[in-house]
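Chain and residue survey
Here are the chains, one letter per residue:
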There are 2 protein chains.
Amino acid sequence: MSATPAPARRARRYDPGRRDRLVDTTLDVVAEQGVAAATHRAIARAADVPLGSLTYHFGSLTDLLAAAFTRHVDTVAARFDERMRAAPDRAAALESLVEHLTGDLLGSQRDLVLAVELYVAAARNPALRAVTQDWMSRSRRSLERHLDPVTAREVDALVEGLVLHSALSTGPMTADQIRSALHRLAG
Amino acid sequence: MSATPAPARRARRYDPGRRDRLVDTTLDVVAEQGVAAATHRAIARAADVPLGSLTYHFGSLTDLLAAAFTRHVDTVAARFDERMRAAPDRAAALESLVEHLTGDLLGSQRDLVLAVELYVAAARNPALRAVTQDWMSRSRRSLERHLDPVTAREVDALVEGLVLHSALSTGPMTADQIRSALHRLAG
DNA sequence: AGCTCATAAGAACGAGCGTACACAGCGGTT
DNA sequence: AACCGCTGTGTACGCTCGTTCTTATGAGCT
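Heads up: these notes are all about the structure in this document. Since this is a predicted model, take the numbers as computed values, not measurements.

Some thoughts on the nonpolar core
The nonpolar side chains of a soluble globular protein tend to be buried with one another. Core analysis: the biggest nonpolar cluster contains 120 residues, and Leu97 and Val155 of chain A together with Leu97 and Val155 of chain B have the highest contact counts within it. In contact with Val155 of chain A, not counting residues within four places along its chain, are Leu97, Leu143, Leu147, Leu182, Leu185 and Ala186 of chain A.

Here you go:
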């Protein structure tokens, strides 16, 4: 019998996609429990792989975190730039931004939490700082498709405030409030 | 020989202000090395007290952090409310806000860092969440001395974004840029 | 004076951490 | 078939952590 191992655990010798899965699992753990709780052991448990597997695929925990955040930033930044690229004019871009905020970012507690966790981890960890700065500059460049650089910067700052606010506050702002603030700032 | 121990350390039996000093030292350590590095041992070393002294004065590390952040928030919030209270009208209030941002907050890397560290620590620690929410509501109440509630909320979000931005970005915004954004938002 | 007890001190404990390393399994090359 | 070498595994080491606990000390009360 048995090509299929019944216990379903520890049956995974030769696992080509493991490296990728580890990156995804790391993001899950960070989103659910924070960077401080994202230890080798916690991630290994969540991914159902042995402890040694982590240092095998990633030289250090920082390497793993950097890979994970890089993937997350790539995803979010690409999605946002796609929105900005698709917007025909400034007004549409602002509306897309509102959608991005209320739908993609503020709508999903996961992305929100990941953003804040990244911000703070980067504040102390030089290897991660490059990732946040890349995110900031990409998002500003996306905004500049339809806004002048000065306004783009202001909008970017407001957006970050909104993200932080929504991540921590019990009563986040509504789409209408966000729309009105953006229009006053950039409308 | 020697009633006086030469090393000059450990000579502090009976130290009435120690509890207070511990709170201040904790803020220093957090500002310099982050919440993650603010361990009992690091704080004890910085305050030049024995390790056991910390759990004697504060039941747990969380208690100590909460006391420290509460003190910091009280200081900053009181200073800000004083500014808003002193402003004769809306325009003066906005200018005071610019000063508060460029001078008190963004000007001192210390306050900036403390703010962000608090934000993030609060995201995972319920005991600290009360402190941030108190800060947010106090700062909004101060703004509402001269702004309507909706605008106050928007300005508050922008300010938080500016704080985060300045804490992490290499090129923070100038006073002029901040003034212009505020006036467009609340002008 | 003597007593009492809050304060101070430092060693110790158990848990969890990142990382290193020696060994096991298996595809690919001879 | 025999081997090699990369991939994967599991254990162990050294360290730091929060917290506990025993013992010392001296200020303030009677």
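Comments concerning the protein's contact with DNA strand D
Close contacts around DNA strand D come from 20 residues, with Arg18 of chain A together with His40, Arg41, Thr55 and Leu61 of chain B the closest. Within 4 Å of the protein, the contacting atoms of DNA strand D are 60% sugar and phosphate, with bases supplying the remainder. A distance of 2.3 Å separates a phosphate oxygen of DNA strand D from a polar atom in the side chain of Arg18 of chain A. A distance of 3.0 Å separates a phosphate oxygen of DNA strand D from a polar atom in the backbone of Leu61 of chain B. Listing elements by their share of the surface near DNA strand D, those giving two or more residues are helix H3 (52-57) of chain A together with helix H2 (40-47) of chain B. Class assignment of the residues belonging to the surface near DNA strand D gives a composition of 6 nonpolar, 6 polar and 8 charged.

A few points about the interface of chain A and chain B
Counting residues at the interface gives 38 residues for chain A and 39 residues for chain B. Both sides of the chain A and chain B interface together cover about 3300 Å² of buried area, and 57% of this is carbon and sulfur. A salt bridge links Glu154 of chain B to Arg184 of chain A; its shortest N-O distance comes to 3.1 Å. At the boundary of chain A with chain B, the tally comes to 16 residue pairs in polar contact (both at pLDDT 80 or more). Taken together, the elements giving at least two residues each to the side of chain A that touches chain B come down to helix H1 (18-33), helix H6 (109-124), helix H7 (126-143), helix H8 (149-168) and helix H9 (175-186) of chain A. When residues of the side of chain A that touches chain B are assigned to their parent elements, the largest contribution, 13 residues, is made by H8 of chain A. Looking at the side of chain A that touches chain B residue by residue, the classes come out as 18 nonpolar, 11 polar and 9 charged.

Looking at the packing of helix H1 (residues 18-33) of chain B against H2 of chain B
Residues and elements named next belong to chain B. Axis separation between H1 and H2 bottoms out at 9 Å; the angle between their running directions is 110 degrees. Relative to H2, the element H1 is oriented roughly perpendicular. Relative to H2, H1 is oriented so that their crossing is right-handed. Where H1 approaches H2, its residues Arg21, Leu22, Thr25, Thr26 and Val29 are matched on the opposing element by Ala42, Ile43, Ala46 and Ala47.

Things to note about the pattern of salt bridges
Close approach of charged atoms lets side chains of opposite charge pair. All names here are of chain A. Following the criterion strictly, the structure yields 30 salt bridges over all chains and no others. Two residues, Arg145 and Asp81, come together in a salt bridge whose shortest N-O distance is 3.1 Å. Remark: Asp81 occurs in helix H4 (residues 61-86) and Arg145 occurs in the loop between H7 and H8; sequence separation between them is 64 residues. For Arg145, a relative accessible area of 38% corresponds to the partly exposed category. Asp81 sits in the buried class, given a relative accessible area of 18%. The partner of Arg140 in a salt bridge is Asp156, and the shortest N-O contact between them spans 3.7 Å. Highlighted residues: Arg140 in helix H7 and Asp156 in helix H8, separated in sequence by 16 residues. The buried category is assigned to Asp156, whose relative accessible area is 4%. Because the salt bridges share partners, they merge into one network encompassing Asp20, Asp24 and Arg71.

Conventions we followed
Residues numbered from 1 in each chain as written. Chains lettered and ligands numbered in written order. Predicted model: local features only at pLDDT ≥ 70, side-chain atom pairs only at ≥ 80, totals over all residues. Heavy atoms only, no water. Core = buried A, V, L, I, M, F, W, Y, C linked by side-chain atoms within 4.5 Å. Buried < 20%, exposed > 50% of the residue type's maximum accessible area, 1.4 Å probe, protein only. Contact = heavy atoms within 4.5 Å. Near = heavy atom within 4 Å. Polar contact = N/O pair within 3.5 Å; in protein donor to acceptor, adjacent residues only side chain to side chain. Helix = DSSP H or I, 4+ residues; strand = E, 2+ residues; numbered from the N terminus. Nonpolar A, V, L, I, M, F, W, Y, C, P; charged D, E, K, R; others polar. Buried area = accessible area lost by both parts, 1.4 Å probe. Salt bridge = Lys/Arg side-chain N within 4 Å of Asp/Glu carboxyl O. Axes fitted to C-alpha atoms, helices over the stretch in contact; angles between N-to-C directions. Parallel < 35°, antiparallel > 145°, perpendicular 65-115°, else oblique. Left-handed = near helix turned anticlockwise from the far one by under 90°.

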